[in-house]
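# Chain and residue survey
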Amino acid sequence: MTPRRSIISEVFLILVAALWILPVLWSVYLAFRPLEETNKYGYVSWPRSLTLQNFRDAWTQGSVLHYFVNSLWITIPAVVLTLLLSSALAFVIARLRYRWTLPLLLVFTAGNLLPQQVFLAPLFKIYNSVGLPTWLADSGKLYDSTFGLVVINVAFQLGFCVFVLANFMKTVPASIQEAAIVDGAGIWTQYWRITLPLCRPALAAMATLLTIWIYNDFFWALALISTGDKYPITTALNDLKGQYAVDNNLLAAGALIVAAPTLVVYLVLQRHFIAGLTLGSTKE
Amino acid sequence: MVAIPLVVDLVFIWGPALATIVLSFTDATGAAPIHWVGTKNYHTLAEVDPSFWPAVRHNAIWLGVFILIATPLGMLFAVLLDRGLQGSRIYQSVIFLPVMLSLALIGIIWQVIYTTNGGLLNTLLGHGDGGGVDFLGDPSINLWAVLVEATWRQAGYVMILYLSGLKAVDLALKESAALDGANGWQTFRYVVFPVLRPVNVVILVVTVIESLRAFDLVYITNQGGIGLQLISAMITQQITGPGNRIGYGSALGVVLLLISLVPIVAFLVQQFRKEDES
Amino acid sequence: MPSAPELAFTRRSLLQGSLAALALGGSAGALAGCGSSDSSSGGGGKTVSIGSNYSDAGVKSAFAAVVADFNKSSGLSAKVNTVDHNTFQNKIQTYLQGTPDDVFSWFAGYRMKFFAAQGLASPIDDVWDKIGDSFPDSIKNAAKADDGHYYFVPLYNYPWVMNYRQSVFDEHGYSVPATWDDLMALCQKMKSDGLTPISFADKDGWPAMGTFDILNMRINGYQFHVDLMAHDESWTDPKVVKVFDTWKELFPYYSSGPNGLTWEEGAQDLQNKKAGMMFQGAGQVGQQFSKENLADLQFFPFPEIDSAYPIDSGIDAPIDGFMMSKKPKNKAGATKFLEYLGTAKAEAAYLASDPTDVGTASDYDQSSYNQLQKDSADIISKTKNIAQFLDRDTRPDFAYPVVQNALQQFINDKDSAAAAKSLEDQAKTIFV
């Protein structure tokens, strides 16, 4: 590649990156400015003073902590359950090594690719008619319960996870397992002690991916939770938006607070996230 | 532990998908007794409901923009980044950032750009004190405004998928092409692109599915109201709204189901072929 | 349209409600929005069970005050079974067909008559024999179903009116318009003074219903409104088209891009003196005003359009209240509770923590009212027919999303005939 073309590419990428980061930077800029100042001088103006007040207000007015905790109660159990269940099934499938098991599973779980709204009507009915003990769900039903949200998130992510993990497990050489069997290892040991540790990279990638996906899910809580107080933070955003409606600075601060956990994960675990995405799509 | 995932999948995914079809021929609501109504719901959506055809059109436009703009953009970014220029990792991180954010959050981040009440765009256009272009409310433009948000995210997604595909392209292959006097475009067209065929299929499926799944952005913008009707948003309005029109919502669900099965079947066929080859 | 307490404490999210609870010193109430599932119901005798959708912290504690006062004065023990208001409204049919509480919270209007006609509620004429004297005829009419019997006891309401700031009117020398022509002239003047004459915001989909209602009542009268909402009249009737055509004359004076504005933003424009007027629930606008500006907030009834239907012939003033289920376990107790609710004392106990709504009883002690509440009470008592707002006067599945979408479409393309036809076509599939 000639140096000149290389410079053109470089400049193009710098421009694209600048354009891409602009919306986020704009939010940051708004969030740090006092409302009185932007009202007086307009939004596009040099900052005369910066403040953390918007963040404080957004945090308290929005009961943000409360919704973060809700999100944790949904995300962590859902991720753990999904990984446990899908790795167990993937283990069995990979171990059987029948030619048809994986394709069959694929058909079975292709349903997870469908838009969520396709299942909404029956799920709405099921959720409203399945009773739960009140220690599990204070609504007494799957509907309007955190437990119900965990269930649907697990159900929706399982297929993809099983598929990816089974594929990954198939790359584990059969000899390792055979050696274990010779050593007298039971099924459980083979799964828990031998296969899972070997799958650590895939599991880490899936865990990151699932955490982000479930944390970011907006729809299930919207459809299956009726008590606003039980919303995870992502769905509560819609209410926060109404609440901050007339104050862009506050809205921007609220958005950044909500984005913070994702951004932390992004900085720390970006590689795992990308690995997860590409595992699922380009696995050869 | 092995049976659980299978049962869960059956009860919460395929069971409901099939039940949707059954419900679509009824007048089911929240509670009242259910009656068969034949194909009435389908007549209503095709001939009476003023939101249906706009919704279909909007879904199609969404798909078109993803295929014609977001995907080529993502591909271009990937190819450029793959050249290993200085700072590639930073550019990549920046372009990928929106993929990590929830769509609901994206809708809010862009709202402070689009709003008529001191938004960045209207301020730049000279309407900082109100008035100006109603990007998110005016139904002749709000779809495009939201599609900019969607593309902002989708291009990063496509970029990452291509980047991982490009890594698989043998460097030696490219070098030999260059030696043969092929220019950058020719190398891409005849050497790189064919190797990316499996990635292309995946990206096509992802693109179609994502455009059918589109929901969060329009919901957070105006609940899938005027200018932003989508099939997914209509279903949500009908079923979870005060009307609880479950039967009618199911008919809309069946439409979405049938359309979605096209890319899904395509994906399955491709996967089976891969299995056969391996 | 959500009821006023929902607006006060939830529309702008539950969070404020939780904060209000904290402010009230009841931090335990912060999570009050979580639907309680205390399903123990009284087995007759002294216990009365009450199904309540006053679920957000603020209104929940306000209602608890009412119940506590009742328990003290009656010697009975009323138990509140609180359910989140959205769930409650979406599940009302299932709830009433199952094992409902003796008394349950609900709205006046078509939605009340609907359950009365299905036999899911008990007539309470005996209650009204006792409380009837305390209420004006408009409220009495709103409490009766189609069979002529009473089914509903009101608790509070608020009127839909043209809100404005007195200081803005003083500054420019505006006067309150009495007729449509006056209104047009005022709008013209405001426009030339650089104001947005009428702040109009319909992003939420329901505020436009209020404008449709008032134009319909001013042009075609209250009875036509009722019949149209029940689909006994056709939406393609020239009378409806005329409503839309008249509405179009207002559009030049509206905020730009109303479909992209929330009503809160609209109210802010009024507060910030960018807009001259806003047609909206008085209580709703009041909530958006800061304390110091609230005294400056005034309103006038929507001007007369056709002299056959003067300004006191009808307005929207949604009423929230209670009904008795079809087979109450403790009928005597339930009756007592409803009789208690139908007193100014009960209303005052409730409104003690709500400065924007007004009591419905004629003998309500208005000395605790602020000016806004006094004016609200005044206009409601002087109006002959009280409508309940479009979404309470018609089927919920017709109001949302059918009317909601059709009005947004009309606001955008201003095509009266198309709006009327679309509404009629869809009404035919829903009212069967």
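Within every chain, residues take consecutive numbers counted from 1 along the sequence as written. As they are written, the chains are lettered A onward and the ligands numbered 1 onward, keeping that order. A pLDDT threshold of at least 70 governs which residues receive local features in this predicted model, and a stricter bar of 80 or more applies before side-chain atom pairs are shown or counted, although totals over entire chains, interfaces and linings include all residues. Values reported for side chains reflect all heavy atoms of the structure, with hydrogen atoms and water molecules removed beforehand.

With that settled, consider the domain arrangement of chain B. Residues and elements named next belong to chain B. When its domains are assigned, chain B resolves into domain 1 (20–51 + 229–278) and domain 2 (58–200). A C-alpha centroid distance of 31 Å is found between domain 1 and domain 2. Contacts are residue-level and defined by heavy atoms, with any inter-residue pair within 4.5 Å sufficient. Opposite the four residues of domain 1 that make contact, domain 2 presents four residues. Buried area is a sum: the accessible area each of two parts loses on coming together, probed at 1.4 Å, counted once for each and added. Carbon and sulfur atoms supply 49% of the area buried between domain 1 and domain 2, which totals about 420 Å² over both sides. On the domain 1 side of the contact with domain 2, Q229, L230 and Q270 bury the most area, a combined 74% of that side's loss. All the domain ranges listed were derived from an automatic or database domain assignment.

Counting residues at the interface gives 26 residues for chain C, matched by 30 residues for chain B. Interface area for chain C against chain B, summed over the two sides, is near 2,200 Å², with a carbon-plus-sulfur share of 49%. Salt bridge criterion: a side-chain nitrogen from Lys or Arg within 4 Å of a carboxyl oxygen from Asp or Glu. On the surface where chain C and chain B come into contact, there are zero salt bridges. N or O atoms within 3.5 Å of each other form a polar contact, as long as, within protein, one can give a hydrogen and the other can take it, and as long as residues adjacent in sequence are counted only when both atoms are side-chain atoms. Taken together, the connections running from chain C to chain B amount to three residue pairs in polar contact (both at pLDDT 80 or more). The helix and strand labels rest on DSSP assignments: H or I over at least four residues marks a helix, E over at least two residues marks a strand, and numbering proceeds from the N terminus. Counting only elements with at least two residues in the side of chain C that touches chain B, the list comes to helix 5 (92–97), helix 21 (396–413) and helix 22 (416–430) of chain C. Ranked by the residues each element gives to the side of chain C that touches chain B, the list is headed by helix 21 of chain C, at eight residues. Three classes are used: nonpolar for Ala, Val, Leu, Ile, Met, Phe, Trp, Tyr, Cys and Pro, charged for Asp, Glu, Lys and Arg, and polar for all others, with Gly counted as polar. Of the residues that constitute the side of chain C that touches chain B, the class distribution is six nonpolar, 15 polar and five charged.

Residue and element names in this part refer to chain C. Angles shown run from 0 to 180 degrees and are taken between the N-to-C directions of axes, each axis being a line fitted to C-alpha atoms and, for helices, limited to the stretch in contact. At a closest axis distance of 10 Å, the pairing of helix 11 (residues 207–220) and helix 21 adopts a crossing angle of 80°. When the axes of helix 11 and helix 21 are compared, the pair comes out roughly perpendicular. Here A208, M209 and F212 of helix 11 lie close against helix 21, whose contacting residues are A399, Y400, V403, Q404, L407 and I411. Residues that form the contact of helix 11 with helix 21 fall into these classes: eight nonpolar, one polar and no charged. Orientation labels follow simple angle bins: below 35 degrees gives roughly parallel, above 145 gives roughly antiparallel, 65 to 115 gives roughly perpendicular, and whatever is left gives oblique.

Counting residues in hydrophobic clusters, the biggest one holds 184 residues, and the most contacted among them are Y127 and W220 of chain A together with F12, W62, F96 and M159 of chain B. The biggest single contributor to this core is helix 7 (residues 146–170) of chain A, with 16 residues. Apart from residues no more than four positions distant in its own chain, F96 of chain B is found in contact with Y266, Q270, F273, I274 and L277 of chain A together with G156, M159 and I160 of chain B. The nonpolar core is taken to be a set of buried Ala, Val, Leu, Ile, Met, Phe, Trp, Tyr and Cys residues, with the residues joined through side-chain atoms within 4.5 Å. Accessible area is worked out with a 1.4 Å probe on protein chains only. A residue is then buried under 20% of its type maximum, exposed over 50%, and partly exposed in between. Listed in part, the 130 residues of the second largest apolar core include V66, M112, A143 and L250 of chain C.

On to the side chain of S51 of chain B. With respect to the element layout, S51 of chain B can be found in the loop between helix 2 (40–48) and helix 3 (52–82). At a separation of 3.5 Å, a polar atom in the side chain of S51 of chain B contacts the side chain of N405 of chain C.

All names here are of chain A. Only residues above 30% relative accessible area that lack a salt bridge enter a patch, with like-charged residues linked at up to 9 Å and the nonpolar side chains Val, Leu, Ile, Met, Phe, Trp and Tyr linked at up to 5 Å. What sets the accessible areas is the Shrake-Rupley method with a 1.4 Å probe; for residues, cover comes only from the shown protein chains. The grouping of L72, I76, V80, L84, W188 and W192 at the surface amounts to a nonpolar patch, some 590 Å² of accessible area in total. Contributions of two or more residues to the nonpolar patch are made by helix 4 (64–96) and helix 9 (187–198). The biggest single contributor to the nonpolar patch is helix 4, with four residues. By the element assignment, W192 lies in helix 9.

Right, let's get into the UniProt feature "transmembrane region" (unreviewed entry) in chain B. Residues and elements named next belong to chain B. When the UniProt feature table is mapped to this numbering, "transmembrane region" (unreviewed entry) covers residues 60–81, 93–113, 188–209 and 247–269. For residues 188–209, the end-to-end C-alpha separation is 27 Å, with 95% helix and 0% strand making up the annotated structure. Measuring from the first to the last C-alpha atom of residues 247–269 gives 32 Å, for a span that is 100% helix and 0% strand. UniProt positions are given in the numbering used here, feature names are shortened, and annotations may be inferred rather than shown by experiment.

Our focus in this paragraph is the interface of chain A and chain B. On the chain B side, the residues contacting the 88 residues of chain A number 95 residues. Across the chain A/chain B interface, buried area totals approximately 8,400 Å², and carbon plus sulfur atoms make up 75% of it. Linking chain A with chain B are zero salt bridges, by the criterion used here. In this assembly, chain A and chain B are joined by 11 residue pairs in polar contact (both at pLDDT 80 or more).

Take the pairing of strand 7 (residues 275–281) of chain C next. Taken residue by residue, a regular strand's side chains alternate between the two faces of the sheet. Residue and element names in this part refer to chain C. Of all seven residues that make up strand 7, seven are buried, and the element is covered over most of its length. Two strands pair when backbone bridges link them, and strand 5 (residues 160–165) and strand 7 are joined in this way by five bridges, in the antiparallel orientation. Bridge pairing links W160 to G281 in strand 7. Two strands pair if DSSP finds at least two bridges between them.

Residues and elements named next belong to chain C. Here chain C is described as being made up of domain 1 (4–158 + 319–387) and domain 2 (160–315 + 395–430). Contacts between the two partners involve 19 residues from domain 1, matched on the other side by 28 residues from domain 2. Across the contact surface, domain 1 and domain 2 share one salt bridge. At the surface where domain 1 touches domain 2, the tally comes to five residue pairs in polar contact (both at pLDDT 80 or more). Elements with a minimum of two residues in the side of domain 1 that touches domain 2: helix 1 (4–11), helix 6 (110–117), helix 19 (371–382) and strand 12 (386–387). Ranked by residues supplied to the side of domain 1 that touches domain 2, first place goes to helix 19 with five residues. Broken down by class, the residue content of the side of domain 1 that touches domain 2 amounts to nine nonpolar, four polar and six charged.

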